[in-house]
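Commentary on secondary and tertiary structure
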Amino acid sequence: MISPGFLFTFEGIDGCGKSTQLALLREYLSSQGVPCESFREPGGNIVSESIRDLLLHSDHPITPTAEVFLFSAARAQLIEQDIKPRLEQGITILMDRFFDSTTAYQGYGHGVMDADTLQKLHPFATGGLLPHRTYIFDLSVVEARSRTQQQEKDRIEQQSEAYFERVAEGYRQIASTASRYMILDASRPIGELHDAIRGDVTSWIHPAQGE
Ligand SMILES: Nc1ncnc2c1ncn2[C@@H]1O[C@H](COP(=O)(O)OP(=O)(O)O)[C@@H](O)[C@H]1O
Ligand SMILES: [Mg+2]
């Protein structure tokens, strides 16, 4: 029987370094012969990418409550269609955002629902799937902004600084709620962060060598 793949998720405000670290980890795992694929949320397939386009580029206002359900719909499609079948085939999956983003952005950021209510909602979208490990990149809003100032901002990135402060604080709260979270000081150099993540991932994927 094939052992199921591992699921690692990357979380934090825009500019904190998620995509950078995900790409480095993917490159490392591939070099070690670990079957590995990555997906971004919202997105990852035609239906979920269409929902992404609506969420990030709609010219019409989308209410925060509608956001919760649109993100959840994109997630449900991605999990059922793409993630679960791959995990069952033993493929390790790296995700650039997962349901913790909804808790942070719509829950803590917009105050749509409290975190407990959102935690009850997420399993409907995910089928109860939980990451083995979630890396939360903690960075000040000011530093994150300075890293992304040249980039064009999508609908969600155009929110106020106060909103992102609530999101960043939300992530710190989330990080303390379960042992699967590993919070990282995202102001550290890229190579140091990669080494920390690599060390942690190796303890999951090669438990015998992690000692
Ligand atoms: N640890 C780091 N220190 C300094 N700059 C970084 C670090 N990690 C990423 N960056 C830079 O910050 C910007 C945003 O990184 P990115 O990985 O795209 O963040 P995210 O995917 O979380 O939005 C990029 O220009 C990237 O090169
Ligand atoms: Mg990114």
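Whatever comes next refers back to the structure up there.
In what follows, the accompanying structure is described. Throughout, a residue's number is its position along its own chain's written sequence, starting from 1. Naming scheme: in the order in which they are written, chains are lettered from A and ligands are numbered from 1. Note on the predicted model: pLDDT of at least 70 is required for a residue's local features to be given, and 80 or more for side-chain atom pairs to be given and counted; whole-chain, interface and lining totals, by contrast, use all residues. Hydrogens and waters are ignored; side-chain quantities use all the structure's heavy atoms.

Each pair of aromatic rings taken from Phe, Tyr and Trp, with Trp reduced to its six-membered ring, is defined by centres within 6.5 Å and is described as stacked if the planes are under 30 degrees apart, edge-to-face if over 60, and tilted in the remaining cases. If you walk through the whole model with that rule in mind, you get 10 aromatic pairs. Measuring from ring centre to ring centre gives 6.4 Å for Y105 and Y171, while their planes differ by 80°; the resulting arrangement is edge-to-face. Of this pair, Y105 sits in helix α4 (residues 99-109) while Y171 sits in helix α7 (residues 161-175), and the two are 66 residues apart along the sequence. As far as burial versus exposure is concerned, Y105 and Y171 are alike and both buried. In DSSP terms, a helix is any run of H or I states spanning at least four residues, a strand is any run of E spanning at least two, and both are numbered starting from the N terminus. Three labels apply to residues, based on accessible area from a 1.4 Å probe with only protein chains included: buried if under 20% of the type maximum, exposed if over 50%, partly exposed otherwise in between.

The next subject is the pattern of salt bridges. Criterion for a salt bridge: a side-chain nitrogen of Lys or Arg within 4 Å of a carboxyl oxygen of Asp or Glu. Here the structure, examined in full by the defined rule, presents 13 salt bridges. Residue D100 pairs with R180 through a salt bridge whose shortest N-O separation is 3.0 Å. Highlighted residues: D100 in helix α4 and R180 in the loop between α7 and β5 (181-185), separated in sequence by 80 residues. Its salt-bridge partner being R172, residue D138 comes within 2.9 Å of it at the nearest N-O pair. Note that D138 is positioned in strand β4 (residues 133-138) and R172 in helix α7, a separation of 34 residues in sequence. For D138, a relative accessible area of 25% gives the class partly exposed. Each of E37, D82 and R86 takes part in salt bridges that share partners, so that together they form one network.

Before going further, it helps to spend a moment on the packing of helix α3 (residues 64-88) against α4. An axis is simply a line fitted to the C-alpha atoms; with a helix, the fit covers only the stretch in contact. Between two such axes, the angle follows the N-to-C directions and lies from 0 to 180 degrees. Between α3 and α4, whose axes approach to 10 Å, the crossing angle comes to 175°. Judged by the angle between their axes, α3 and α4 are roughly antiparallel. Mapping the contact onto sequence places P64, E67, V68, F71 and R75 in α3 and F99, T102 and Q106 in α4. Note on residue categories: nonpolar means Ala, Val, Leu, Ile, Met, Phe, Trp, Tyr, Cys or Pro, charged means Asp, Glu, Lys or Arg, and polar means any other residue, Gly included. Grouping the amino acids of the contact of α3 with α4 by side-chain chemistry returns 4 nonpolar, 2 polar and 2 charged. Angle categories: roughly parallel below 35 degrees, roughly antiparallel above 145, roughly perpendicular from 65 to 115, and oblique for all the rest. We call two residues in contact whenever any of their non-hydrogen atoms come within 4.5 Å of each other.

The next point concerns the site of ligand 1. Only heavy atoms are used to decide nearness, and a residue is near a molecule or strand if one of them lies within 4 Å of it. Around ligand 1 sit 14 residues, and of these G15, K18, S19, T20 and R188 come closest. Polar contact criterion, stated in full: a pair of N or O atoms within 3.5 Å, where within protein one must be able to donate a hydrogen and the other to accept it, and residues adjacent in sequence count only if both atoms are side-chain atoms. Within the backbone of C16, one N or O atom sits 3.4 Å away from an oxygen atom of ligand 1. Here an oxygen atom of ligand 1 sits 2.8 Å away from a polar atom, N or O, in the side chain of S19. Its free accessible area being 560 Å², ligand 1 has 71% of it covered by the protein chains. For the shell around ligand 1, the secondary-structure elements that each account for two or more residues are α1 (18-31) and α8 (190-205). At 3 residues, the largest contribution of residues to the shell around ligand 1 is made by α1. Across the shell around ligand 1, the residue classes tally to 6 nonpolar, 4 polar and 4 charged. To be clear on the numbers: accessible area is Shrake-Rupley with a 1.4 Å probe, and residue cover counts the displayed protein chains and nothing else.

Let us look at the sheet that holds β5. When DSSP finds two or more bridges between two strands, those strands count as paired. Sheet architecture is open: 5 strands sit in the order β2-β3-β1-β4-β5, paired in parallel fashion. Across the chains shown, the open sheet's two edge strands, defined by having one partner strand only, are β2 (36-40) and β5. Strand-to-strand, the axes of this sheet are offset by a mean angle of 20°, without reference to chain direction. By the bridge criterion, 4 bridges tie strand β1 (residues 7-11) to β4 in an arrangement that is parallel. Its bridge partner lying in β4, T9 is registered against T134.

Without other data, these values stay purely geometric and don't point to any function.
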